[in-house]
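Listed below, chain by chain, are the residues.
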Amino acid sequence: MYSDFKTISTYYDALYVKDEEYSLEAAKVKELLIKHGVRSQSELLVLACGTGGHIPYFKDDYHVSGLDLSEDMLALARKKFPGLEFHSGNLIDFDLDRDFDAIVCLYGSIGFVKTLDNLRAAMQRIAAHLRPDGLALITPWSTLEDFKDEIVVDATNKPDLKIARMEEVRLKEPKIVEVRFHHLIGSDDGVAYHEQSIEIGLFSHEEYLSSMSDSGLEVIEEYGGNDVRGGAFIGKRH
Ligand SMILES: C[S@@+](CC[C@H](N)C(=O)[O-])C[C@H]1O[C@@H](n2cnc3c(N)ncnc32)[C@H](O)[C@@H]1O
């Protein structure tokens, strides 16, 4: 079942989109795209773009479009970037009737597809939307090999919005992680509590590689630096 972002979208940017983190991550992604031949001003599709947190750092260098399943997240992205094209779609079966020079899927959002069949379907859709020699850059949520249970703790403290965040990240089934959000949101109206669980698929390193190569994406680099959260698998379309 898709875990919606209805409530979280209302404070997603304030809680998660930290300029220092997103600017560094986007800069590294651009460096990797350039290194592998994606030219300036070419066409870039940002999959599971959410509210478009990375888009400020891409939009001057590429013709950027975004795609996401959440209408709530897309509404915020559209408001922030009225000149750009955003598509409502699912990673596993999107069909935009056009292709791109590069497609990126960041912050582990690919994990939302949950099952290996869906991962393979998503990689097929990605390959189908790339021009020959086009590049896919996918950050895994975590690989099966690297996963560890944890409790994430963080806070946002702005004059008019204060959020305390704890998230329990636990292995629920052999290849499904449950993330249980506990968010306390303080505003002029008082403090509200939001609790929600989402499920994320955990795929092995080999499953990422084979789902890419079986879709016609030759894996040309596995980037492991910390500036791209989760690292990145980079594939070139034959
Ligand atoms: C954690 S957010 C990350 C958003 C953005 N990439 C970022 O780094 O800020 C995950 C996003 O994936 C989207 N998403 C989840 N499942 C999806 C699917 N099957 N197809 C497309 N988007 C999906 C959600 O709506 C949400 O916007």
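Bear in mind the structure is a predicted one, so any value in this text is a computation, not a measurement.

Side note on the packing of helix α6 (residues 116-128) against helix α7 (residues 205-213)
Consideration 1: Running from amino to carboxyl end, α6 crosses α7 at an angle of 40 degrees, the nearest separation of the two axes being 8 Å. Classified by the interaxial angle, the pair formed by α6 and α7 is oblique. As α6 runs across α7, the sense of the crossing is right-handed. Taken together, the residues of α7 that come into contact with α6 (itself represented by L116, L119, R120 and M123) are E207, Y208, S210, S211 and M212.

With respect to the UniProt feature "domain: Methyltransferase" (unreviewed entry) in the protein chain
Consideration 1: When the UniProt feature table is mapped onto this chain, "domain: Methyltransferase" (unreviewed entry) is found at residues 45-134.
Consideration 2: Secondary structure within residues 45-134 divides into 30% helix and 27% strand; the distance between the first and last C-alpha atoms comes to 11 Å.

Describing the domain arrangement of the protein chain
Consideration 1: Per the domain assignment, the segments of the protein chain are domain 1 (6-143 + 203-237) and domain 2 (150-201).
Consideration 2: Spacing between the C-alpha centres of domain 1 and domain 2 amounts to 23 Å.
Consideration 3: The interface is formed by 14 residues belonging to domain 1 together with 21 residues belonging to domain 2.
Consideration 4: When domain 1 packs against domain 2, the two sides together hide about 1,600 Å² of surface, and 64% of this comes from carbon and sulfur.
Consideration 5: Summed over the three residues of domain 1 that lose the most area to domain 2, namely Y11, K114 and W141, the buried surface amounts to 35% of that side.
Consideration 6: Here K175 and E207 are joined by a salt bridge, their closest N and O atoms 2.6 Å apart.

Rules of the game
- Residues numbered from 1 in each chain as written.
- Predicted model: local features only at pLDDT ≥ 70, side-chain atom pairs only at ≥ 80, totals over all residues.
- Heavy atoms only, no water.
- Axes fitted to C-alpha atoms, helices over the stretch in contact; angles between N-to-C directions.
- Helix = DSSP H or I, 4+ residues; strand = E, 2+ residues; numbered from the N terminus.
- Parallel < 35°, antiparallel > 145°, perpendicular 65-115°, else oblique.
- Left-handed = near helix turned anticlockwise from the far one by under 90°.
- Contact = heavy atoms within 4.5 Å.
- UniProt positions renumbered as here; feature names shortened; annotations may be inferred.
- Domains from an automatic or database assignment.
- Buried area = accessible area lost by both parts, 1.4 Å probe.
- Salt bridge = Lys/Arg side-chain N within 4 Å of Asp/Glu carboxyl O.

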